[in-house]
Each structure stands twice: as structure tokens, then as C-alpha cells.
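# Results of the structural survey
Next come the chains, spelled out residue by residue.
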Amino acid sequence: MMKINNTSFYGICFLQEDKGRDTEIVLPIVYAAEKFLNCKVDFVLKWNAHLIYKKKPDFVIIPANCKGSKMFHEIAKYAYSQNIKIFSVVSEGNFNEKRHKNIFGYNTDKFFYQDYVCAWSKRIQLFMQEKNQAQKDQIVLTGASGFDRFKIYKFRDRKSFLAKYDKSEYNKVISYSGWAFGKVQYEQGRLELELDESKRDAKVAWTNSQRIAVRDSLKYVIEAYPDVLFVLKQHPSEYYPGLVLDQLNEMSELASYDNVLYIQGQSEGIHDVISIADIVLGFETTSAIETWIMGDTPTIFLNEDVNFPRVNTYEGCLIAKDGKELSSYIQAFYEKGTIEAFFSQDIKRKREEIIVNTIGYKDGLNHLRHLKYLNKTLLKIDVNQIKYKKSSYFSRLYLFFRLMKPFYKLKLVSKLPWFSKFNWVFERYKLDNIKVLQEEYKPFMESFYQKKQIDEDFLKRFWE
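Described in the following lines is the structure provided in the data block. (Residues numbered from 1 in each chain as written. Predicted model: local features only at pLDDT ≥ 70, side-chain atom pairs only at ≥ 80, totals over all residues. Heavy atoms only, no water.)

## A closer look at the overall build of the protein chain
On a plain count of helices and strands, the protein chain comes out with 19 helices and twelve strands. Radius of gyration (C-alpha) of the protein chain: 22 Å, near the 23 Å computed for a compact globule of 464 residues. Dimensions of the protein chain, computed from C-alpha atoms along their principal axes, come out at roughly 65 × 55 × 45 Å. Residue pairs at least 24 apart in sequence account for 76% of intrachain contacts in the protein chain once pairs closer than 6 positions are excluded. For the protein chain, the computed accessible surface area is about 21,200 Å², with 49% contributed by carbon and sulfur atoms. Computed over 70 positive and 59 negative side-chain charges, the separation of the two mean positions in the protein chain equals 6 Å. (Helix = DSSP H or I, 4+ residues; strand = E, 2+ residues; numbered from the N terminus. Rg over C-alpha atoms; globule rule 2.2 N^0.38 Å. Contact = heavy atoms within 4.5 Å. Areas by Shrake-Rupley, 256 points an atom, 1.4 Å probe, with all protein chains shown as cover. Lys, Arg positive; Asp, Glu negative; His and termini not counted. Charge placed at Lys NZ, Arg CZ, Asp CG, Glu CD.)

As C-alpha cells, then:
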């Protein structure tokens, strides 16, 4: 039976912001680590990586698999050089085997610095092992921890959500989960859309044509159903923090309609946007899977073109090629209370297959599968081998933002173009919302653990 760490260890979890996808992925893991593994974990903004030297953690936790952000990769590389153990989770782990030729992203060393690489499903584990034969034994199956909240937490009810935005007069709500169409607007975004320079122009042109098609479908039904509130949520990674431009995506041009609520950035979690909806729309999104886990809400993809490289999530959804077809589904739902095609046995069976092949498990225990490998990581820590040598790069960044802080407080100066691109750093500097979320989620976690009888004995059995 596996030994559970009983030595006190201190860790730092680095984040880019204090709400949204990455935050939701790590919070249940950290909660369980502090409850069962004798850990204390502080949350730190990634630009404050100098705090590794100042706070001297025994281990660090990094989202995005140390590859989805150049800064996360630099933190992992530095921690590895100091013999500080790294535990990493995966932000976007639903790989398309035909499209994703490079599983390393910003990790140009093509070497994973963490002891364990967490794969969302068996399919993805085998794919990643094939792509990295040298470290294949480190690639383990954990499921996707960010999806556990859809089984564990209680979400906002429609009444309080709509009251917050003075939209209480609506009794019908349809949500749309955005795709990152806005990436066509800036150079880094276009590179992320297509790494191959010879194919980039064609990909950008196709992406923009799909943006317009989705916009037109949404516009059609927004105008056709003035008594329905359409909650349109921007993709969280569409624009990087500090990028200053007039944002344009598939929904930005529709924000002025009375029956539209356009949610930008991370101001609302996708879980709340799903929980209040009668129908959930998307172009291509794992929000469909999140919706299936939460209940029986129909999911519809708006796809003028269905033949493009992607994972098979769309096979568990209905497809509307234009506004007229989308309207027919909406009409059917509000007349009959259901969309019969969505609940056919074939599509229901397909949804179950997609969940297994995408996120591994839907039982709410994926964060505890991650905890197994965090526990193994902690058991390998040798505090006598940790160096804590100062990084000149991280210390310069830390000093820069400390010197910039007084200018941020001068509101006039902070509106200047060069200064304004750093505003987001100061707005999130202390990650204040983490404590708010921890307090909000604690009773949900405790209730779930009590219901499932989760304790140390359970974990030892579960991890065998």
C-alpha cells in the first residue's frame, strides 16, 4: 500500500491570474494536498518567480504543463536547476493526434522538468508517450482535474446571476462559449493558430471566415428571439494580458443588443455561464463536455464547415450550419421542452465515449489522481540538495515591477500606452481572489469528501 507523505513541505503555486481555468484546475489539488499531504501552499503571480529565492519552497506547482507559457517554462527550468521538485498540471490536454505534432509548446528544450507529466485520458497518455519516448514512463494518467468542479461545487442560480446584470426580466437563457477567433488580430495569436509559416495565411483566412459565419448565426437568433437572453462568453485565452487593441471576435459586434450579455475575460466562470443556460452553444469547445457532466442541457456547435482538424467533441453535439438551422433547434426546445435529436441513443453513447477519451473520468476524483503523483513527488524531495541560487532574470523582473508600482498608482500615468500594458500585473499582483474562492469552495469539497468517505485510508486504496 502506498505511503502517504507525513513530512511538512512548503510549496508555491504559480498562476497568471486569480480566477478562470488554470485557477480552477489547481485549487482542488492544493486543497487536497493541504488536507492529506501535510503541505502548505502559497499562490504567487508568475511574474514574481523571484519569490522562489526569497521564500525557499520545497516544491513548486505550475499549470499549463510547463509548456503553455514561456514564463512557466522558465520557472520549471530554473526550479529543476536548483533541485526543487516540480509538480505540473495540464490546462489544455485534449490533443488532436492528427493536428498536434508538437506536444512541447514553449518548452523548446523538449524535455519535461517535472517528475510526472499528467495526461487527461488513456488516449492522450499513449499519444504523448509516442511523441516523447525518452520520458514515456513519466507520462501518467490522471484525468482532468479542472472538470471535477462540475461534480463537486454548487453554482450560481439563474435568478442571482441575472440580477447582478439587471437582466432579471428574462426567463429564457442561451449561453455561448467563445472560440479564440480574436487571435487573427495580432502576430503572436496568428503564430499560435498555425506554427507552419507556409500555412499561416490560409489558416488565418479560414479562421476569419468562420468567425463571420458564427457571428451571423448568433445574430440571426438574437434578432429572432428578443425574449431570450444570450450570454456570450469570450474565450479566456483569446488575448494575452496587456495587449492593447480594439478586440474583435465572433460576439463583440453583437454586444449592443438588449438581449445580449457579453462577458469578457475571466469576470465570470464558465461553470456559472453553463449552469444558468437552457442551451449551450459553441464553435469548438470543451465547455460541451463540462455541460454534459453537469446535466442534460443540450449542446449545439455552430459549424458552417464541419470538415476541419479537431477532436471529436462535436460528435456528441447537434450541429447547426447557419442561423436558420440553429433557430429550428431553439424553437423546438422552447415549444417541446427538449430537442429530441440530442437525446438519441447513438449520440448519448457517443458522449460517454468522448468523456472517457477526453478527460478520463467524470467522477470528481481526478484531483485525487493528481494527488497520487504529487505525493510521489513529495516523497522524492531531499531538502539538503536544494540550492536556492538567485536568478538574475527573475530578480530583474521582480525589481522592475516593484519600481513600476508607484507609477501604477498614479492613474494618469497608468493610462499611458507603455505603462498601461502592465496594468494587469498590478491588478492581480497579490492574487487576492484566491482566498475568496478557497473559502467559497471549502464547504463543497468537505461535503463531497464526506459523501464519498474520502480519508487517508480511502486514498491508499484508491492509489493502488
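## What to know about the sheet that holds strand β9 (residues 260-263)
If you walk across this open sheet you meet the six strands as β9-β8-β7-β10-β11-β12, and the pairing is parallel. This sheet does not close on itself; its edge strands, each paired only once, are β9 and β12 (318-320). Mean inter-strand twist for the sheet, computed between neighbouring axes without regard to direction, equals 25 degrees. Note: strand β11 (residues 299-302) against β12, three bridges, orientation parallel. Residue pairing in the sheet places I300 in a bridge with L318 of β12. Of the strands in this sheet, β7 (172-177), β8 (228-233), β10 (279-282), β11 and β12 touch helix α11 (residues 323-336), which is tilted by about 130 degrees from β12. (Pairing = 2+ DSSP bridges. Axes fitted to C-alpha atoms, helices over the stretch in contact; angles between N-to-C directions.)

By themselves, these observations are geometric and do not establish any function.
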